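# Structural overview
Okay, here's what each chain looks like letter by letter:
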Amino acid sequence: MLFNSHSFIFLFLPVVLLGYFALGRRSNLAPVVWLALASLVFYAFGGGQFVPLLLVSIAFNYGVGYLLIARKLRPGLRFAVLTIGVAGDLTVLGIFKYAGFFVANLNALFATGFFVTIVLPVGISFYTFTQIAFLVDAYRGNVARYALPHYALFVTYFPHLIAGPILHHKDMIPQFERAETKRPDPHLILCGLIIFAIGLFKKTCLADGIQPLVAQAFGPNAPTFDQAWIGVLAYTFQLYFDFSGYSDMAIGISLMFGIILPLNFNSPYKATSVVDFWRRWHMTLSQFLRDYLYIPLGGNRHGRLLRYVNLMITMLLGGLWHGAAWTFVVWGALHGVYLCINHAWSNYGPKAPPRFARLADIAGLILTFLAVVIAWVFFRAPDMATALSVLSKMADPSNIAFGRVEMVYALFVAIYAALAWLAPNTQEIMGYDHENRSVGENLRAQRMRPLFLYATAAVLAFGILGIQQHSEFIYFRF
């Protein structure tokens, strides 16, 4: 089931909300069970055959977590239990996500004829990473003992289950345990509705609106120089508003239940360096890779050379997490190289004089954006040959079409660029502060309330009118 579907907006979400708050009047546990069951129903619409796999994964990780939290095991045995837990998760992920990739490469190397077809369970990357973090923290002694319904809801919670954000148990489960979240809060419901409306508009009007232009670069016909740039930039902004829209909608839906999700998207194209970009793009994935991969590898504790090695390993695996294809590996490697160059420049490069700081920031923004755009070519292309072909067209200004169609498309892309660079983001508009658990204080104080309400009604109407029959979010594939 998609957030941007009539059945979700007009049926599923209202029914689940009403049931949640109705049960909350009588019990603190029943709404948790209700929401977990509703999340499984939500998941079943996208892949009913994988519900048993999700349930087994929850049972397995909860059991391993119980051994690490509640049982007094010897250090060696604790480490063995953690190893079994993480290995079990990675094995399942590897089979479903990477077996086909492995066999394809085996066939290419040794001319074998093995054949394997495995359907990727929706959201498996997200719920696997979520639970690995839980096990590692349990091993470190940083996890309290949670009841099974709360843990099951933490994993299955439908606003994040399919495409993130990657949640942390310490942030979420205490919220599920609080009785206050089971009572309807008109302020949070209104703020959630506004944020959901903004996200829906971004998805159905902006992301889906520019999607046809992507074929200029990645369609069946070889593009010219300008067509290649228009198509790649169109994808750059389609992905931006698609992911931003999903992140807003997830936060908005969760707010209606009184649950505050972490930020996952913070105007990444306003970044003035690649390091800054990764603090703004898929923020929870960046935090996961830093805390559970980069730092355990050694981080920057063993010298600058090993720091660069650890960065490359982290980004290569981060790229492979996005998809089982060499294009994603190259995308991750490019960002690893970008990060190494960024850190080397910070350590050894000249510092801009204070009077040129603004100019240096603008130069950094442009350079970062171009580097990200080049990497998106590999992220979007179906194979390496297509990616290299598109890049070669982008580097060949001798072949230009730039007719009336290209001029209109270029104007279209420029409008999207202005929105991404100049417009405030949703959390700035709504004053969303995850750390302090606050949102919409201006709205609560009645300041600008009519403006918010009229604007929300218009944005929601445009968002609903823009709904297409079936338009998945790009991150559903990961």
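Up top is the structure these notes are about.
The rules behind the values
Residues numbered from 1 in each chain as written. Predicted model: local features only at pLDDT ≥ 70, side-chain atom pairs only at ≥ 80, totals over all residues. Heavy atoms only, no water. Helix = DSSP H or I, 4+ residues; strand = E, 2+ residues; numbered from the N terminus. Rg over C-alpha atoms; globule rule 2.2 N^0.38 Å. Buried < 20%, exposed > 50% of the residue type's maximum accessible area, 1.4 Å probe, protein only. Contact = heavy atoms within 4.5 Å. Areas by Shrake-Rupley, 256 points an atom, 1.4 Å probe, with all protein chains shown as cover. Core = buried A, V, L, I, M, F, W, Y, C linked by side-chain atoms within 4.5 Å. Phe/Tyr/Trp six-rings, centres within 6.5 Å; stacked < 30°, edge-to-face > 60°. Expected span 1.5 Å × (residues − 1). Arc of directions from axis to C-beta. Axes fitted to C-alpha atoms, helices over the stretch in contact; angles between N-to-C directions. Parallel < 35°, antiparallel > 145°, perpendicular 65-115°, else oblique. Left-handed = near helix turned anticlockwise from the far one by under 90°. Nonpolar A, V, L, I, M, F, W, Y, C, P; charged D, E, K, R; others polar. Salt bridge = Lys/Arg side-chain N within 4 Å of Asp/Glu carboxyl O. Bend = angle between axes of the 7 residues up to and from the residue. Polar contact = N/O pair within 3.5 Å; in protein donor to acceptor, adjacent residues only side chain to side chain.

### Details of the overall build of the protein
- The number of helices and strands found in the protein is 21 helices and zero strands.
- Since a compact globule built from 478 residues should have a radius of gyration of about 23 Å, the 23 Å found for the protein is in line with a globular shape.
- On the principal axes, the C-alpha backbone points of the protein span a range of 70 × 60 × 55 Å.
- Out of the 478 residues in the protein, the part that is buried amounts to 52%.
- A sequence separation of at least 24 residues applies to 76% of the contacts in the protein between residues at least 6 apart.
- For the protein, the accessible surface area stands at approximately 21900 Å², while carbon and sulfur atoms represent 68% of it.

### Some details on unusual backbone geometry
- The phi dihedral of H282 falls on the positive side, at around 40°, and the residue is not glycine.
- Note that H282 resides in the loop between α12 (274–280) and α13 (283–297).
- Looking at H282, the relative accessible area reads 0%, which means it is buried.

### Focus on the nonpolar core
- In terms of nonpolar packing, the biggest core is built from 148 residues, with F3, F8, Y157, F158, F237, F257 and W376 touching the most fellow members.
- At 18 residues, helix α11 (residues 225–256) tops the list of elements feeding residues into this core.
- The residues touching F3, leaving out its near neighbours within four places in the chain, are F8, I9, F42, F158, P159, F196, Y246, M249, A250, I253 and F473.

### Quick notes on the packing of aromatic side chains
- Counted by the stated rule, this structure contains 45 aromatic pairs.
- Their ring planes at 80° and their centres at 5.9 Å tell us that F237 and Y269 sit as a pair that is edge-to-face. Within this pair, whereas F237 is found in helix α11, its partner Y269 is found in the loop between α11 and α12, the two being separated by 32 residues in sequence. We note that F237, like Y269, is buried.
- Judged by centre distance (4.9 Å) and plane angle (65°), the rings of F369 and W421 are edge-to-face. On the criterion of sequence distance, the pair formed by F369 in helix α16 (residues 357–380) and W421 in helix α18 (residues 404–422) is long-range, its members being 52 residues apart.
- Residue F369 is classed as buried on the basis of its relative accessible area of 10%.

### Some thoughts on the side chain of T456
- Within the element layout of this structure, T456 appears in helix α21 (residues 449–465).
- Leaving out residues up to four positions away in the same chain, T456 has contacts with I194 and A197.

### Structural notes on α18
- Given a rise of 1.5 Å per residue, 19 residues ought to cover 27 Å, and the 27 Å separating the end C-alpha atoms of α18 matches this to within 8%.
- When α18 is considered as a whole, its buried residues turn out to be E406, V413, Y416, A417 and A420. Projected onto a plane normal to the axis of α18, the buried residues spread over an arc of 105° and lie on a single side. Residues of α18 that are exposed and point more than 90 degrees away from the buried face comprise R404, L411 and L422.

### As for the packing of helix α3 (residues 51–70) against helix α6 (residues 148–156)
- Closest axis-to-axis distance for the α3/α6 pair is 10 Å, and the angle between their directions is 130°. As judged from the angle between their axes, α3 and α6 are oblique. Crossing of α3 over α6 shows right-handed handedness. Contacts between α3 and α6 involve L54, I58, N61 and Y62 from the former and L148, Y151, A152, V155 and T156 from the latter.
- Residues belonging to the contact of α3 with α6 are distributed by class as follows: seven nonpolar, two polar and no charged.

### Let's talk about the packing of α16 against helix α17 (residues 384–394)
- Following both chains from N to C, one finds α16 and α17 inclined at 145°, their axes separated by 8 Å at the closest point. Classified by chirality, the crossing of α17 by α16 is right-handed. Here I374, V377 and F378 of α16 come into contact with α17, specifically with M384, A387, L388, V390, L391 and M394.
- When grouped by side-chain class, the residues that make up the contact of α16 with α17 number nine nonpolar, no polar and no charged.

### Considering the pattern of salt bridges
- Going through the model one piece at a time under the given rule, you end up with nine salt bridges.
- D291 is the partner of R290 in a salt bridge, and the nearest nitrogen-oxygen pair spans 2.8 Å.
- D291 gets classed as partly exposed once you look at its relative accessible area, which sits at 25%.
- Among the ionic pairs, E441 bridges to R444, the shortest N-O distance being 3.6 Å. Of the two residues, E441 and R444 both sit in helix α20 (residues 441–444), three residues apart, roughly one turn of that helix.
- What you see here is one network of salt bridges that share partners, running through K203, D208 and D242.

### Description of the environment of F356
- By secondary structure assignment, the location of F356 is in the loop between α15 (326–348) and α16.
- C-alpha separation for the pair F356 and Y157, spaced 199 residues apart in sequence, amounts to 47 Å.

### Some remarks on helix α1 (residues 6–24)
- The end-to-end C-alpha distance of α1, which contains 19 residues, comes to 26 Å, matching closely the 27 Å that a straight helix rising 1.5 Å per residue would cover.
- Along α1, the helix axis deviates most sharply at F12, where the bend reaches about 30°; the proline P14 sits within four residues downstream.
- Looking only at α1, the buried set comprises F8, I9, F12, L13, V16, L17, G19, Y20, F21 and G24.
- Against the buried residues of α1 lie α2 (30–47), α7 (158–161), α9 (186–210) and α11.

### Focus: the side chain of S5
- As for its position among the elements, S5 is in the segment before α1.
- At 2.7 Å, the side chain of S5 and the backbone oxygen of L2 are in polar contact.

### Quick look at the environment of F129
- Here F129 shows up in helix α5 (residues 124–139).
- Considering only alpha carbons, one finds F129 and F412, 283 residues apart in sequence, at a separation of 38 Å.
- Not counting residues up to four positions away in its chain, the partners in contact with F129 are L93, I166, L285, F288 and W321.

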